[in-house]
Amino acid sequence: IVALLRLLGIRYAALNPGATFRGLHDSLVNYAAGLPQPVLCTHEEIAVAVAHGYARVTGRPMAALVHDVVGLQHASMAIFNAWFDREPVLVLGGTGPMDGTRRRPWIDWVHTALVQGNLVRDFVKWDDQPASPQAAVEALLRAYRLAVTEPRGPVYLCFDVELQEQPLAQPVALPEDLEGFAPPRPVRANAHDVEEAARLLSQARFPVIVADFAGRSPQVPARIARLAELLGAAVLDAGGRFNIANTHPLDLSGAEAEVLQQADVVLALDVPDLLKVLGRVDRGTRRTQLLVPTGCRIIWVGLNELSARGWCSDFYLPLPVALSVLASPAAFLGDLLEILEQQPQAADIREQRAARRQQLARRHDQLRAEWWQAAQASPVEPITPPRLALEVWEAIRSTDWMLACGSLYGWARRIWEWDRPDRYGGCQDPGGGLGFGLGASVGAALALKGTGRVVVDLQPDGDFLYTPGALWTAAHLRLPLLVVMVNNRSYFNDERHQEAVARARGRPVETRTVAISLDDPAPDLAQVARGMGVWGEGPVRNAEQLRRALAEALRLVQQGYPALVDVVVEMER
């Protein structure tokens, strides 16, 4: 197994140690000689999140080892996140002996399941429990190929502890050439669909491009920019990945309502939930109002139909569309541009598109100026999200930075200059739960260790308290990670929900913080960091303190040491 991981180019294997994969662990240490390198984590959820964050940055999977049923249950939330985020992770687990006569009393019985993969089968691309060494090789080859084939995702393999430790009766055949096991090429649209999309977009009065997770493919942002420039189209980046530079004059992200209300054709690229992106939700009633006008034609492009499951509804409520295209967004954009760039343009069409480009560019510049002015006008004490975004930007702007997780409620994208795809790792909570951000940021920093880049995590405090042990791994590996703790001392999202319910029922909104506020006592998060071997400063309460703390933290991170600055943030209520 370890020899094949090496052949597949797997550089790291994150793990929390467990007896049911002790045979595999021994081979990582004594046979692999550092490739793959074991990465010790304090929790299986952290181990899988590290692999997830690594895949976001590199586009390649790493392994995460989990201990039988208990470790798999701990890891299940992180696997769920990787599934929703469509990122490849090789989750490898052990189990107690399947032969009941070989089990130790109690512990081997409670750590053996039939079948263990049932626990995560609804949110992995594939699982298997091979019964021989040769079958293990074949299963791992298949698992790797499935994990990296679009739509990508996590896979799970379970190895019997007896299988791992039995003496080999004969040599195990490994593939001499992995080219024959390469994943298939990206799914392309048929020519008719591409031509129909080109026709709709060419004839549009006000075309809009909306992209969410399309930027998983590194070619996508440049192709979206080319398409927008050609059509004179506004672009809305929904934030699943980096889809267009926020410095591009046709980026109108942040002005969704005014843009979508004018649209007559919308090109939606890897947008799993159209209603979320094209609508506005009332928090109190849970009702959604569509922002696009009646008659707007929607072109939907993606591969999410291939990942639909009945267990959890990540296929969302369907909306009627003019054209549904099952294809890789990157491949589709390449084919679409090839057609559109060869089309002759009448003089009046060129003039209309040029006028739209100018109109959109003016609005883009106006939005950027308004946001910048709002951030500069925000108080220096207490610190608010726009002030924090501004101060962090001033600290990192001269470095080669990457935002692994977090958004500061959208203010990071409004204020910072997101000028290239490797600036942003992706959305903060792909599965909608907590405990993801810090582990994924450690994985991103692991991927970028030694490159001179600064990895930033805008880390919510509630999310941090699920997996603070990830700091130890960052300290142990000397990772270039700057954790800026966005500490509102609350599970603030739920405050808003409780306020909406209180208003609807005519009850006092002041009770919204009961059993939600993280105070009395307030956790000392900088002290937690120092206890894990990470430099920590805080709680910081004003901009002057913040500047000093960020300067020292950044100095350490640029030397290869992780640092955490705990910032008390006042939310708009």
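Residues numbered from 1 in each chain as written. Predicted model: local features only at pLDDT ≥ 70, side-chain atom pairs only at ≥ 80, totals over all residues. Heavy atoms only, no water.

Structural notes on the packing of aromatic side chains
Scanning the model with the defined rule gives 9 aromatic pairs in all. Both rings, one in Phe80 and one in Phe123, keep their centres 5.5 Å apart while their planes meet at 90 degrees; by these two values the pair is edge-to-face. Taken as a pair, Phe80 in helix α4 (residues 68-85) and Phe123 in the loop between α5 (107-110) and β5 (127-128) lie far apart in primary sequence, 43 residues in all. Exposure remark for Phe80: the relative accessible area of 13% places this residue in the buried category. Arranged with centres 6.3 Å apart and planes meeting at 90 degrees, the rings of Phe80 and Trp311 form a pair that is edge-to-face. (Phe/Tyr/Trp six-rings, centres within 6.5 Å; stacked < 30°, edge-to-face > 60°. Helix = DSSP H or I, 4+ residues; strand = E, 2+ residues; numbered from the N terminus. Buried < 20%, exposed > 50% of the residue type's maximum accessible area, 1.4 Å probe, protein only.)

Remarks on the sheet that holds β5
With parallel pairing, the 6 strands of this open sheet are ordered in space as β2-β1-β3-β4-β6-β5. Because the sheet does not close on itself, it has two edges, and the strands there are β2 (37-40) and β5. Relative to β2, strand β1 (residues 12-15) is paired through 4 bridges, and the arrangement is parallel. Opposite Leu15, over in β2, you have Leu40 as the bridge partner. Of the strands in this sheet, β1, β2, β3 (63-67) and β4 (90-95) are in contact with helix α2 (residues 22-31), which crosses β1 at around 135 degrees. (Pairing = 2+ DSSP bridges. Contact = heavy atoms within 4.5 Å. Axes fitted to C-alpha atoms, helices over the stretch in contact; angles between N-to-C directions.)

Focus: the side chain of Gln428
Mapped onto the fold, Gln428 is located in the loop between α15 (411-415) and α16 (437-448). Residues in contact with Gln428, not counting those within four places in the same chain, are Cys405, Gly406, Phe436, Gly437, Leu458, Pro460 and Asp463.

Observations regarding the nonpolar core
By size, the foremost hydrophobic cluster in this structure holds 101 residues, and its most contacted members are Leu267, Leu269, Phe332, Leu336, Leu388 and Trp416. Residues contacting Leu269, with those up to four places away along its chain left out, are Ile209, Val210, Ala211, Asp212, Phe213, Ala214, Ile224, Val301, Phe332 and Leu333. In this structure, Tyr12, Val50, Met402 and Ala475 belong to the second largest nonpolar core, which totals 52 residues. (Core = buried A, V, L, I, M, F, W, Y, C linked by side-chain atoms within 4.5 Å.)

What about the pairing of β1?
Here β1 shows no split at all, with Tyr12 and Ala14 on one side and Ala13 and Leu15 on the other all buried. Note that the unit made of β1, α2 and β2 has a crossover that is right-handed. One ladder, built from 3 bridges, connects β1 with β3; its direction is parallel. Its bridge partner being in β3, Ala14 is matched across the sheet by Ala64. (Right-handed = clockwise from strand over helix to strand, strands pointing away.)

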